[in-house]
Amino acid sequence: GENFIIKMTDDPTTSVAESIKKPTVIYPNPGNKSIRLGNNVESIVHIDVISLLGENVHSLQKDFESIDVSTLPIGFYMLKIKRIDGSIEYVKYNKN
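Residues numbered from 1 in each chain as written. Predicted model: local features only at pLDDT ≥ 70, side-chain atom pairs only at ≥ 80, totals over all residues. Heavy atoms only, no water.

Enquirer: Sorry if this is basic, but what is going on with the side chain of Asp48 here?
Expert: Within the secondary structure, Asp48 sits in strand S4 (residues 44–51). No salt bridge is formed by the buried Asp48. Its closest oppositely charged neighbour is Lys80, at 4.8 Å. Within polar-contact distance, the side chain of Asp48 engages the side chain of Asn56 at 3.2 Å. Residues within four places of Asp48 in sequence aside, it is in contact with Asn56, His58, Ser59, Met78, Leu79 and Lys80. (Helix = DSSP H or I, 4+ residues; strand = E, 2+ residues; numbered from the N terminus. Buried < 20%, exposed > 50% of the residue type's maximum accessible area, 1.4 Å probe, protein only. Lys, Arg positive; Asp, Glu negative; His and termini not counted. Salt bridge = Lys/Arg side-chain N within 4 Å of Asp/Glu carboxyl O. Polar contact = N/O pair within 3.5 Å; in protein donor to acceptor, adjacent residues only side chain to side chain. Contact = heavy atoms within 4.5 Å.)

Enquirer: Quick question: what am I supposed to make of the pairing of strand S7 (residues 75–83) here?
Expert: Moving residue by residue along a regular strand, the side chains alternate between the two faces of the sheet. As defined by bridge partners, S4 adjoins S7 across seven bridges and the pair is classed as antiparallel. In the sheet register, Ile44 faces S7, and the bridge partner there is Arg83. Note that S7 and strand S8 (residues 88–95) share eight bridges and pair antiparallel. In the strand pairing of S8, Ile81 is matched with Glu89. (Pairing = 2+ DSSP bridges.)

Enquirer: Would you mind going over the pattern of salt bridges with me for this structure?
Expert: Note on pairing: side chains with opposite charge can pair once their charged atoms come close. Applying the stated criterion to the full structure yields one salt bridge. Across the salt bridge formed by Arg83 and Glu89, the nearest N and O atoms sit 3.1 Å from each other.

Enquirer: Would you take a moment to explain the sheet that holds strand S3 (residues 34–37) for this structure?
Expert: Sheet strands pair by backbone hydrogen bonding; their relative direction is either parallel or antiparallel. Taken in spatial order, the three strands line up as S2-S3-S6 in an open sheet, and their pairing is antiparallel. Looking at which strands have only one partner, the edges of the open sheet turn out to be strand S2 (26–27) and strand S6 (66–68). Of the pairings in the sheet, the one linking S3 to S6 comprises three bridges and is antiparallel in character. The residue bridging Ile35 from the neighbouring strand is Ile67, located in S6.

Enquirer: Just checking my understanding: could you explain the nonpolar core for this structure?
Expert: Soluble, globular proteins show a tendency: their nonpolar side chains are buried together. Counting 17 residues, the largest nonpolar core has Leu37, Ile47 and Leu79 as the members making the most contacts within it. Looking at this core, the elements with two or more residues in it are S3, S4, S7 and S8. Setting aside its immediate chain neighbours within four residues, Leu37 contacts Thr24, Val25, Ile26, Tyr27, Ile44, Ile47, Phe64, Glu65 and Leu79. (Core = buried A, V, L, I, M, F, W, Y, C linked by side-chain atoms within 4.5 Å.)

Enquirer: Any chance you could explain the environment of His58 here in plain terms?
Expert: Its location among the elements puts His58 in strand S5 (residues 56–60). For His58, a relative accessible area of 30% translates into the label partly exposed. Separated by eleven residues in sequence, His58 and Val69 place their C-alpha atoms 8.7 Å apart. Discounting residues that sit within four places of it in the chain, His58 has contacts with Ile47, Asp48, Val49, Ile67 and Asp68.

What follows is the structure, given as structure tokens:
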């Protein structure tokens, strides 16, 4: 897959299987006006849109169902999705 999830925990009883969830789906991808998250939206607490240069170009702390990307230059981005449980997921996005 093209997505990955990082979960840091100090709990030795947490297994690898417990920390892997179904990856978040974004659509349309590629797209040019707005993107929507297709699943796992209820557990999100923060989203950063990061350029390939590592610059944080957009941040969201609410209204995660739809993300306005119309002002972003054409190119590739990573959505850094932080969840309630502390896990962080990175999802590739292609702005055209």
